[in-house]
Amino acid sequence: MTVLAPIRRRLRTLRRATLVVALAGVAVWIRPPDADGSTDGQTVRFAEVAPIVEQRCATCHSGSSAPNGARLETPEEIAAQAAAIERVAVLTKVMPLGNATGMTDEERELLGRWIREGASTE
Ligand code: HEC
């Protein structure tokens, strides 16, 4: 009995931890899809995307010194780079470089939705 007591205690703690993790999982699973504001059924408009790219990307990606010649100033430039933007700012998150401009995950998600919806500049 005395030998088993610490093991029992540890098992109880383990079971409690498992329950907490399971409950957290259920909470995420049953969460309404628009709880994070990302899937409100509305198409992302370019007007929402442009200020993000301007603030988070154009600081570096403008003018003749734009890295790799990747300028992100005009709607045409942004739309033309949609696939590259998705790759570096949504999927791998290597951009903004060192996240120097403080891009948020919400902004990345919004950019990603805009690109998946066809990257329209309307
Ligand atoms: C602090 C400056 C800075 C910011 C801000 C920045 N970038 Fe970059 N970006 C760079 C540099 C430097 C490179 C070149 C890196 C390299 O070639 O390894 C680059 C390269 C790129 C490339 C080309 C990558 C390739 O594989 O050819 C793309 C596309 C890009 N950035 C998109 C973005 C987007 C989208 C944002 C905003 C979300 C952004 N960048 C913000 C500095 C920045």
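Report on the accompanying structure.

How each quantity is defined
Residues numbered from 1 in each chain as written. Predicted model: local features only at pLDDT ≥ 70, side-chain atom pairs only at ≥ 80, totals over all residues. Near = placed C-beta within 6 Å. Helix = DSSP H or I, 4+ residues; strand = E, 2+ residues; numbered from the N terminus. Core = buried A, V, L, I, M, F, W, Y, C linked by C-beta atoms within 7 Å. Buried ≥ 20, exposed ≤ 12 C-beta atoms within 10 Å, placed from the backbone. Axes fitted to C-alpha atoms, helices over the stretch in contact; angles between N-to-C directions. Parallel < 35°, antiparallel > 145°, perpendicular 65-115°, else oblique. Left-handed = near helix turned anticlockwise from the far one by under 90°. Contact = placed C-beta atoms within 7 Å. Expected span 1.5 Å × (residues − 1). Arc of directions from axis to C-beta.

A separate point is the site of the ligand. Neighbouring residues of the ligand: 19 residues in total, closest Cys57, Cys60, Pro67, Met95 and Pro96. Sorting elements by how many residues they give to the shell around the ligand places helix α4 (residues 82–91) first, with four residues.

Looking now at the nonpolar core. With 15 residues, the main nonpolar core has Val49, Val53, Ala89, Leu111, Trp114 and Ile115 as its most contacted residues. Put simply, the parts of the chain that give this core at least two residues each are α2 (46–56), α4 and α5 (105–116).

Residue position: Arg113 is located in helix α5. Among the residues examined, Arg113 registers 17 C-beta atoms within 10 Å and is labelled partly exposed. Sequence separation between Arg113 and Thr43 is 70 residues, and the spatial gap between their C-alpha atoms is 8.2 Å.

What follows covers the packing of α4 against α5. Axis separation between α4 and α5 bottoms out at 10 Å; the angle between their running directions is 150°. Compared by their axis directions, α4 and α5 come out roughly antiparallel. Crossing of α4 against α5: the hand is left-handed. Side by side, α4 and α5 meet where Ala82, Ile85, Glu86, Ala89 and Val90 of the first sit next to Arg108, Leu111, Gly112 and Ile115 of the second.

For α5, built from twelve residues, the straight-helix expectation of 16 Å at 1.5 Å per residue is met to within 8% by its first-to-last C-alpha distance of 16 Å. Its buried side turned inward, α5 meets α2 and α4. Remark: Gly118 follows α5 within two positions and exhibits a positive phi of approximately 115°.

This part takes up α2. Where α2 is concerned, the buried positions are Val49, Ile52, Val53 and Arg56. The buried side chains of α2 occupy one side of the element, clustering within an arc of 95° when seen end-on. Opposite its buried face, α2 presents the exposed residues Ala47 and Pro51, each directed more than 90 degrees away. Buried residues belonging to α2 abut α3 (75–80) and α5.

Interaxial distance between α2 and α5 falls to 10 Å at its minimum, and their mutual angle equals 125°. On the basis of their axis angle, the class for α2 and α5 is oblique. Remark: the crossing between α2 and α5 carries left-handed chirality. Of the residues in α5, those touching α2 at Glu48, Val49, Ile52 and Arg56 are Glu107, Leu110, Leu111 and Trp114.

Interpretation in functional terms is not warranted from these geometric data alone.
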